[in-house]
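Observations on the model geometry
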Amino acid sequence: MRATVLHRPRDIRCEEVAEPKIQFPTDAIIKLSATCICGSDLWPYRGLNEVTAPMHMGHEYCGIVMEVGSEVRTVRPGQFVVGSFCISDNTCPHCQFGFQSSCVHREFMSGAQAPYARVPLADGTLVATRDVPPADLVPHFLATSDVLGTGWYAADAAGVREGATVVVVGDGAVGLMGVLAARELGAERIIAMSRHEARQELARGYGATDIVAERGDEGVARVMELTKGVGAESVLECVGTAESMRQALACTRPGGTVGYVGVPHGVTLDGQQLFFGQKRMLGGPAPVRRFLPDLMDRVLKGRIKPGKVFDLELPLADVAEGYRAMDERRATKVLLKV
């Protein structure tokens, strides 16, 4: 089969690779109904994460189960399933505490930008729908696999509640899903920080009440103006740079919480600032598996349409153009047809 392989920074190819096979009795093989490019894929693509050997790319996935190992009990061939980018058994103490992304048997999914993929620990990782959904729902289910689940976790970690004032730092796909999550969790005011007109429009569609185009100190000053000098009780950091983290902390009121899900690059924290700022922080890799049943149910009932975040659709063979489009901010998130 042909799949996406990153050989070195900016050298991404759709090339022939071996089809996945069952390796362990807890594995499943799925046929992808759709796959996509993640913002975090751009870190190795840009050379900001070291690439020491060819990497099979892709960790967002949904599709039809084709084969299962002898110990798999909760999914079966023919079912439509969605899985998390974090592989988990969903039974260990950390999983039972709601942090499947810290499972004692954790793996990170890879190789999903392809027609077929192997999913380890299938019982703990995959969630099946009762029936195979219609094709028009597939992009929305695909979004639950990572980008929506991650944005949802940012909102959950930030303690978003009914009537809250929320700031979302980052207008990529995760930030936009954070806006959607904040709305669903009952936030009254959602301030999206974005300088990109198309993304501003999508943020408003997902529930943003205010847009702040400024960055850095100017962006913080604008948020403070909007909140009458108080700041926000919940701030979602969805980028992972030093600038975005500084901005997130500065927008958070004393006693407020930063939910951070951007993979950190160059982020350092000032202990004195944290001590006297009196701000909570919770984040890391999103425990998407915790949220999947609820998010999938919301998609099935038509309450949310996270798949709108896909603004460019390409065949898998053109995956290199998809990476370029996201790298150059010509696309927010690329859906790959397999």
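Up top is the structure.
Because the structure is a prediction, the values reported are computed rather than measured.

**Remarks on the overall build of the chain**
Helix and strand counts for the chain come out as twelve helices and 18 strands. For a compact globule of 338 residues, the expected C-alpha radius of gyration is about 20 Å, and the chain comes in at 19 Å, within 12% of that figure. In terms of its C-alpha atoms, the chain occupies a principal-axis envelope of roughly 60 × 40 × 40 Å. Taking all 338 residues of the chain together, 55% fall into the buried category. Pairs at least 24 apart in sequence give 69% of the contacts found in the chain among residues at least 6 apart. Here the chain displays about 14,700 Å² of accessible surface, and carbon together with sulfur accounts for 50% of that area. Across the chain, the mean location of the 37 positive side-chain charges is 2 Å away from that of the 40 negative side-chain charges.

**As for the pairing of strand β14 (residues 232-237)**
Burial within β14 is extensive, with six of its six residues counted as buried. Relative to β14, strand β11 (residues 165-169) runs parallel, the two being bridged by four bridges. Bridged to Val167 within β14 is Val235. Sheet topology note: the β14/strand β15 (residues 252-260) ladder contains five bridges and is parallel.

**A look at the packing of aromatic side chains**
All chains considered together, the criterion is met by six aromatic pairs. Relative to Tyr323, the ring of Tyr45 has its centre 5.2 Å away and its plane inclined at 40 degrees; by these criteria the two rings are tilted. Residue Tyr45 is located in helix α1 (residues 42-45), and its partner Tyr323 is located in helix α12 (residues 319-327); the two are separated by 278 residues in the primary sequence. Both residues of the pair, Tyr45 and Tyr323, count as buried. Three or more aromatic residues joined by ring pairs form one cluster here, namely Phe97, Phe99, Tyr153 and Phe291.

**Digging into unusual backbone geometry**
One non-glycine residue, Arg10, adopts positive backbone phi at about 65 degrees. The class of Arg10 is partly exposed, set by a relative accessible area of 47%. The backbone of Gln278 shows a phi angle near 55 degrees, a positive value even though the residue is not glycine. Note that Gln278 resides in the loop between α10 (271-277) and β16 (280-283). Given the relative accessible area of 56%, Gln278 is considered exposed.

**Looking at the nonpolar core**
Counting 54 residues, the largest nonpolar core has Val160, Val166 and Leu236 as the members making the most contacts within it. Looking at this core element by element, the count peaks at eight residues for helix α6 (residues 173-184). Residue contacts for Val160: discarding those within four places in its chain leaves Ala155, Val166, Ala182, Leu185, Ala187, Ser234 and Leu236. Counting 17 residues, the second-largest nonpolar core is a separate cluster that includes Leu6, Leu42, Leu314 and Ala331.

**Topic: the sheet that holds strand β4 (residues 55-56)**
Strand pairing in a sheet takes place through backbone hydrogen bonds and is either antiparallel or parallel in direction. Within the open sheet, the three strands sit side by side as β2-β1-β4. Their pairing is antiparallel. Of all the strands in the sheet, the pair left with one neighbour each is β2 (11-16) and β4. Direction of pairing for strand β1 (residues 2-8) relative to β2: antiparallel, over a ladder of six bridges. Among the inter-strand pairings, Arg8 is bridged to a residue of β2, identified as Asp11. Contacts from α12 reach β1 and β2 within the one sheet, and its direction differs from that of β2 by about 155 degrees.

Parameters at a glance
- Residues numbered from 1 in each chain as written.
- Predicted model: local features only at pLDDT ≥ 70, side-chain atom pairs only at ≥ 80, totals over all residues.
- Heavy atoms only, no water.
- Helix = DSSP H or I, 4+ residues; strand = E, 2+ residues; numbered from the N terminus.
- Rg over C-alpha atoms; globule rule 2.2 N^0.38 Å.
- Buried < 20%, exposed > 50% of the residue type's maximum accessible area, 1.4 Å probe, protein only.
- Contact = heavy atoms within 4.5 Å.
- Areas by Shrake-Rupley, 256 points an atom, 1.4 Å probe, with all protein chains shown as cover.
- Lys, Arg positive; Asp, Glu negative; His and termini not counted.
- Charge placed at Lys NZ, Arg CZ, Asp CG, Glu CD.
- Pairing = 2+ DSSP bridges.
- Phe/Tyr/Trp six-rings, centres within 6.5 Å; stacked < 30°, edge-to-face > 60°.
- Core = buried A, V, L, I, M, F, W, Y, C linked by side-chain atoms within 4.5 Å.
- Axes fitted to C-alpha atoms, helices over the stretch in contact; angles between N-to-C directions.

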